[in-house]
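Observations on the three-dimensional arrangement
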Amino acid sequence: MELGCSDCGIPASDEALFCAACGGLLAFEPGAGVIGAAALRALLRERRASNEHRDRSGVWRYRELLPALDPERIVTLRENDVPLYGGRGGAAYAGLDDVAYLHLGMNPTGSFKDAGMTVALTHAAQTGARVAICASTGNTAASMAAYAARAGIQAVVLVPSTGISESKVAQTLDYGAAVLGIPGDFDAALATVRELDPRRVAIVNSVNPYRIEGQKTAAFVLLEQRAWRVPDWLVLPGGNLGNTSAFGKGFREALALGLIDRLPRIAVVQAAGAAPFARLFAAGGDMIPVKAQTTATAIKIGAPASWKKALREVRAANGTVIAVDDAAIADARAVIGRDGIGCEPASAASLAGVKALVADGVIRASDDVVLVLTGHVLKDTAYAAAYHAAPSAFANTIVHTRDRADLLARIDELATARAGA
Ligand code: F0G
């Protein structure tokens, strides 16, 4: 695999993070003829029966398609071995006949970031890094902290001091990271990180091409579980847009390998108060950063770093980009919970987005649609509690009982209601 600039194509050194010529983001280009589709499928079937940790990881079992790293010294927590769930309630809510969720929140630290971090921290460890750093709205921080701890690397995270989920900060502290709060937002934190010298500290935000290589495997995990049947649509939330670029790359590589015969269309969903990519997609031109505002704090990002890569992928996939408001995200999140699945707020932008696209006639009821859930339901319990405490469409509240008699009467009432149903 060759590392080069994703904008101007000039080859790049492994020590840089941005193109020396134009400042663009770097990306790996797959070498020709690494492995054929039939050989890879056979390998994957074999690895399914193995108990070796790199075979059980939903990243490293595709190692032939990853940058060359010593497979004997990988930093793994068995990431990306995640399920594809059906969800009747969500389908009905969005106006679809059926829907499936690829739940990347079922990763070791509860978000899709683990798929990228296992590769980024493996690379950092193998190049002798002592410190890894990132800017984060919470999930990148927690994931980096866990993998850095496994690798014996000091993790340093920059997060907004206010306005991100306390559960994510607590989780990051648990893993032993140095957590540095800043008075600004994610965009300010990332701008600071981008100024650092990557030879001194390993920068593991999604501007790091190793992160994208790890995250692209989510496309393979999805396709493998569907016996390489391509869905009509893949729908995911967009913030800094690294994940959009990763899924697009994964699908394109699967197509080039002959594992699939067409690309799924990709729909990216942003929160209305943090939707510079949706605006750009509709209006054209360059990225105009915004001051981001949304209660889906994971995607509260106003100047997405990977917008150029993501735009190329959305166009290649004949996709679309839309924005949905915070109230729509909140209700969609509750609906996903009612299916016994659950996710964090930002993830539910996917269902809210599909509902809007079905209403607009872009997605048809009979289309084969996969929604990406990016974070676990326990990632933001304060948000869930506030939703249920308010007069929300799908609110559900605790009933405090007075005494034993009252308690038994309530149980009886519930049992009777269900028996009659
Ligand atoms: N969903 C969740 C749960 C996230 O945490 C993020 C990003 C996204 C979606 C958007 O993904 O940035 O690749 O477009 N969270 C980052 C973080 C910014 O710091 O945890 P993206």
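Here, every reference points to the structure presented above.
In what follows, the accompanying structure is described. (Residues numbered from 1 in each chain as written. Predicted model: local features only at pLDDT ≥ 70, side-chain atom pairs only at ≥ 80, totals over all residues. Heavy atoms only, no water.)

Regarding the overall build of the protein chain
In terms of regular secondary structure, the protein chain is built from 15 helices and 12 strands. Computed over C-alpha atoms, the radius of gyration of the protein chain comes to 21 Å, within 12% of the 22 Å expected from 2.2 N^0.38 for 421 residues, which places it in the range of a compact globule. Judged by the C-alpha coordinates and their principal axes, the protein chain covers about 70 × 50 × 50 Å. Residue burial in the protein chain is summarised as follows: out of 421 residues, 55% are buried. Pairs at least 24 residues apart make up 69% of the contacts formed inside the protein chain by residues separated by at least 6 positions. If you sum the accessible surface of the protein chain, you get close to 17,600 Å²; carbon and sulfur atoms cover 52% of it. Averaging the coordinates of the 42 positive side-chain charges in the protein chain and doing the same for the 42 negative ones gives two points 1 Å apart. (Helix = DSSP H or I, 4+ residues; strand = E, 2+ residues; numbered from the N terminus. Rg over C-alpha atoms; globule rule 2.2 N^0.38 Å. Buried < 20%, exposed > 50% of the residue type's maximum accessible area, 1.4 Å probe, protein only. Contact = heavy atoms within 4.5 Å. Areas by Shrake-Rupley, 256 points an atom, 1.4 Å probe, with all protein chains shown as cover. Lys, Arg positive; Asp, Glu negative; His and termini not counted. Charge placed at Lys NZ, Arg CZ, Asp CG, Glu CD.)

Let's talk about the packing of helix α10 (residues 276-283) against helix α11 (residues 307-316)
The contact between α10 and α11 brings their axes to 12 Å, and the two run at 50°. On the basis of their axis angle, the class for α10 and α11 is oblique. Seen from above, α10 lies across α11 with right-handed handedness. From α10, Phe277, Leu280 and Phe281 reach across to α11, where they touch Trp307, Ala310, Leu311 and Val314. Looking at the contact of α10 with α11 residue by residue, the class counts come to 7 nonpolar, no polar and no charged. (Axes fitted to C-alpha atoms, helices over the stretch in contact; angles between N-to-C directions. Parallel < 35°, antiparallel > 145°, perpendicular 65-115°, else oblique. Left-handed = near helix turned anticlockwise from the far one by under 90°. Nonpolar A, V, L, I, M, F, W, Y, C, P; charged D, E, K, R; others polar.)

Remarks on the site of the ligand
In the neighbourhood of the ligand, 20 residues make up the surrounding shell, with Ser136, Thr137, Gly239, Leu241 and Thr374 lying closest. A distance of 2.9 Å separates a nitrogen atom of the ligand from a polar side-chain atom of Lys113. One of the side-chain N or O atoms of Asn139 is found 2.8 Å from an oxygen atom in the ligand. Summarising the interface, the protein chains cover 98% of the accessible area of the ligand, which totals 470 Å² for the free molecule. When residues of the shell around the ligand are traced back to their parent elements, those giving at least two are α5 (139-151) and α9 (242-257). When grouped by side-chain class, the residues that make up the shell around the ligand number 7 nonpolar, 11 polar and 2 charged. (Near = heavy atom within 4 Å. Polar contact = N/O pair within 3.5 Å; in protein donor to acceptor, adjacent residues only side chain to side chain.)

A closer look at the packing of aromatic side chains
The tally for this structure, following the rule as stated, stands at 4 aromatic pairs. Ring centres of Phe28 and Tyr210 lie 5.0 Å apart, and the angle between their planes is 75°; this geometry places the pair in the edge-to-face category. Taken together, the residues span a long stretch of sequence, with Phe28 in strand β2 (residues 26-29) and Tyr210 in helix α8 (residues 209-225) at a distance of 182 residues. There is no split in this pair, since Phe28 and Tyr210 are both buried. Cation over ring: Lys355 sits above Tyr93, and NZ or CZ is 4.5 Å from the ring centre. (Phe/Tyr/Trp six-rings, centres within 6.5 Å; stacked < 30°, edge-to-face > 60°. Lys NZ or Arg CZ within 6 Å of the ring centre and 35° of its normal.)

A look at the pattern of salt bridges
Tallied over the entire structure, the rule returns 25 salt bridges. Across the pair Glu52 and Arg54 runs a salt bridge whose closest N-O atoms are separated by 2.6 Å. For Glu52, a relative accessible area of 38% gives the class partly exposed. As a salt-bridge pair, Glu253 and Lys249 come within 2.6 Å of each other at their nearest N and O atoms. In this pair, Glu253 and Lys249 both sit in helix α9, 4 residues apart, roughly one turn of the helix. Lys249 carries the same exposure label as Glu253, and that label is buried. Here the salt bridges share partners, and the residues they tie into one network are Arg48, Arg61, Arg78, Asp81 and Glu224. (Salt bridge = Lys/Arg side-chain N within 4 Å of Asp/Glu carboxyl O.)

Topic: the sheet that holds strand β10 (residues 265-271)
Two strands in a sheet stick together by hydrogen bonds in their backbones, pointing the same way (parallel) or opposite ways (antiparallel). Read from one edge of the open sheet, 6 strands run β3-β4-β12-β9-β10-β11, paired in mixed fashion. Of all the strands in the sheet, just β3 (84-86) and β11 (320-324) have a single pairing partner and so form its edges. On average, adjacent strands in this sheet sit at an angle of 25° to one another, irrespective of strand direction. When strand β9 (residues 233-237) meets strand β12 (residues 369-373), the two strands line up parallel, connected through 3 bridges. Considered in β12, the bridge of Leu234 is made with Val370. (Pairing = 2+ DSSP bridges.)

A closer look at a nonpolar patch on the surface
A contiguous nonpolar patch, built from Leu407, Leu408 and Ile411 and spanning about 250 Å² of accessible area, is present on the exposed surface. With respect to the helices and strands, Leu408 occurs in helix α15 (residues 404-419). (Patch = residues over 30% accessible without salt bridge, like charges linked within 9 Å, V, L, I, M, F, W, Y side chains within 5 Å.)

Remarks on helix α6 (residues 166-174)
Residues of α6 that are buried: Lys168, Gln171 and Thr172. One face of α6 carries all of its buried residues, which in axial projection span an arc of 100°. Summarising the geometry of α6, the exposed residues directed more than 90 degrees from the buried face are Glu166, Leu173 and Asp174. Looking at the buried residues of α6, the elements they touch are α5, β6 (154-160) and β7 (178-182). At the exit of α6 stands Gly176, carrying a positive phi of roughly 90°. (Arc of directions from axis to C-beta.)

Shape is all these values report; function is a separate question.
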